[in-house]
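Structural overview
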Amino acid sequence: MNYNQIYETVDYSDFDWTEINREIQQPQVKKLETDIENGFDIQMPILVNPQRVNGKLQVADGQHRLTALKNKKRPVRYIFATRQMKLDDITRINSAQRPWQTIDYIKAYAKGGNKHYQRLLKFYEEVQDRVQSTRDFKPTKVSIRSVSYLTQGNAANPNTEKSRKYNIKAGTWEFRLTDEEARKNLNMFMQFSAVTDSCLTETFIQTIFSMMTNQDSFDVKRLLKQALSYPHMFYSCDRTQDYMRMIEELYNFRKLEKNRVFFRFRKK
C-alpha cells in the first residue's frame with residue numbers, strides 16, 4: 001500500500017468501525033449531509049488502519065464523514081495510517097475536532113473489553129431508568145461521573161496519587177463495589193429527592209461521601225431526618241464547601257447545645 005496515496009471507492013461495505021470509535025452523533029452527520037447538498041463536497045479523506053480486520057478497512061478517524069457520504073451515495077476518499085491506531089492516537093486526532101466527552105472514553109474502553117467500564121455503562125443505564133421512573137424527579141438524567149462515584153463509595157480528590165490510579169479517561173478506572181453496594185448508595189442519595197432535585201449531582205455526592213469519610217460524627221440518617229423536617233433549609237450548592245456549611249447549619253437546627261456537631265473540612 002502507498003501511505004501517500006489518496007484512494008477512492010463507492011464500496012461502503014469495505015469499511016468497518018474500530019472497537020474504540022465513538023458512537024455516531026446524528027446532528028454532526030446531518031450537518032455534513034447539508035454541506036454536501038449545498039455543493040460543499042467533503043474533501044478531507046477518512047483515515048483507516050493499515051491492517052484489515054475480518055477483511056474490512058477499519059476507520060480510525062472520519063466515521064461521521066463516511067456515514068454522510070454513504071447516505072448521500074458519494075465516493076469516499078481515504079488514506080492509510082502509517083501504523084495501527086490505538087485509543088490515544090484517535091483521541092489526539094479527535095481533540096482537534098469535537099472534543100471527547102467522558103462518556104466517549106467510557107464507551108470506547110467498554111467496547112475494547114474492559115469489564116469495569118462495561119459494568120459502569122450497565123449501572124449507568126439502570127440509574128437512568130430508576131430516575132426516569134421516579135415520579136416528579138428532576139433532572140431526568142444523571143451524569144456518568146455521578147454514577148461512577150456511586151460505584152466507588154467515595155469521592156477521592158482527583159489531584160491525589162491514589163485517585164490518578166482510577167482515572168476514568170486513562171482506562172485505569174475500577175468499579176470497586178459490588179452491584180448491590182452501588183445500588184445501596186443510589187438508594188441512600190435518592191431518599192433526598194423528597195427535598196432537592198440535586199441529590200444525584202456530582203457535587204452533592206462528593207460532599208456526602210467526603211463527610212462520611214472525614215467527619216467522625218456525621219450521620220446521613222440524621223441529615224435526612226433534618227432535611228425532611230425542615231426542607232426550606234436545604235438548598236442546592238455549586239461547591240462542596242458551601243454544601244458543608246449548609247449541612248452543618250441544618251444538622252444542628254433546633255438541636256440542644258450538647259447535641260450539636262461542628263465539622264471540619266479535612267480530617268487531621
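As a starting point, this report considers the structure included with it. Every chain's residues receive numbers from 1 upward, in the order its sequence appears when written. Reporting in this predicted model follows two pLDDT cut-offs: at least 70 for local features of residues, and 80 or more for side-chain atom pairs to be given and counted; totals over whole chains, interfaces and linings ignore these cut-offs and use all residues. To obtain the side-chain values, all non-hydrogen atoms of the structure were included, while hydrogens and water were left out.

For the rest of this paragraph, the subject is the packing of helix α4 (residues 102-111) against helix α5 (residues 115-133). Note on method: axes are straight lines fitted to C-alpha atoms, helices fitted across the in-contact stretch only, with angles between N-to-C directions ranging 0 to 180 degrees. Starting at the N terminus, helices and strands are each numbered in turn, a helix being any DSSP run of H or I of at least four residues and a strand any DSSP run of E of at least two. Axis separation between α4 and α5 bottoms out at 8 Å; the angle between their running directions is 125°. By the angle between their axes, α4 is oblique relative to α5. Note on packing geometry: the crossing formed by α4 with α5 is left-handed. Along the contact surface, α4 presents I103, I106, K107, Y109 and A110, while α5 presents Y117, Q118, L120, L121 and Y124. Three classes are used, and their members are as follows: Ala, Val, Leu, Ile, Met, Phe, Trp, Tyr, Cys and Pro are nonpolar, Asp, Glu, Lys and Arg are charged, and the others, Gly among them, are polar. For the contact of α4 with α5, the residue count by class is eight nonpolar, one polar and one charged. Every angle not falling under 35 degrees, over 145, or within 65 to 115 is termed oblique; those three ranges are roughly parallel, roughly antiparallel and roughly perpendicular. With the far helix as reference, a near helix turned anticlockwise by less than a right angle produces a left-handed crossing, and one turned clockwise produces a right-handed crossing. Contacts are assigned to residue pairs that have any heavy atoms within 4.5 Å of one another.

Pairing of aromatic side chains here covers Phe, Tyr and the six-membered ring of Trp, requires ring centres within 6.5 Å, and sorts the geometry by plane angle: under 30 degrees stacked, over 60 edge-to-face, intermediate tilted. In the structure shown here, the tally under the stated rule is 18 aromatic pairs. Note on F192 and F234: the rings are 6.1 Å apart at their centroids and 35° apart in plane angle, and the pair reads as tilted. Residue F192 is located in the loop between α8 (179-190) and α9 (202-214), and its partner F234 is located in the loop between α10 (220-229) and α11 (240-252); the two are separated by 42 residues in the primary sequence. Since its relative accessible area comes to 6%, F234 is described here as buried. Taken together, a centroid distance of 5.3 Å and an interplanar angle of 55° make the contact between F204 and Y243 tilted. With F204 in helix α9 and Y243 in helix α11, this residue pair connects regions lying 39 residues apart in the sequence. Among the residues examined, F204 registers a relative accessible area of 0% and is labelled buried. Relative accessibility thresholds used throughout: buried, under 20% of the residue-type maximum; exposed, over 50%; partly exposed, between the two (1.4 Å probe, protein chains only). Here Y243 falls in the buried class, since its relative accessible area comes to 1%. Taken together, the ring pairs in this structure connect F189, F192, F204, F209, F234 and Y243 into an aromatic cluster.

Take the packing of α5 against α8 next. Where α5 meets α8, the closest approach of the two axes is 12 Å, and the angle between their N-to-C directions is 30°. As summarised for this structure, α5 and α8 are arranged roughly parallel, according to the angle between their axes. Crossing of α5 over α8 shows right-handed handedness. Of α8, the residues touching α5 (which contributes R119, F123, E126, V127, R130 and V131) are D179, A182, R183, L186, N187 and M190. Split by residue class, the contact of α5 with α8 holds six nonpolar, one polar and five charged.

Here we take up the sheet that holds strand β2 (residues 15-17). Pairing between strands is defined by DSSP: at least two bridges between them are needed. Spatial strand order, β1-β5-β3-β4-β2: five strands in an open sheet with mixed pairing. The open sheet has two free edges, formed respectively by β1 (7-9) and β2, since each of these has just one partner strand. Averaged over all pairs of adjacent strands, the angle between strand axes in this sheet comes to 50°, irrespective of strand direction. Sheet topology places β2 next to strand β4 (residues 57-61); three bridges connect them, and they run parallel.

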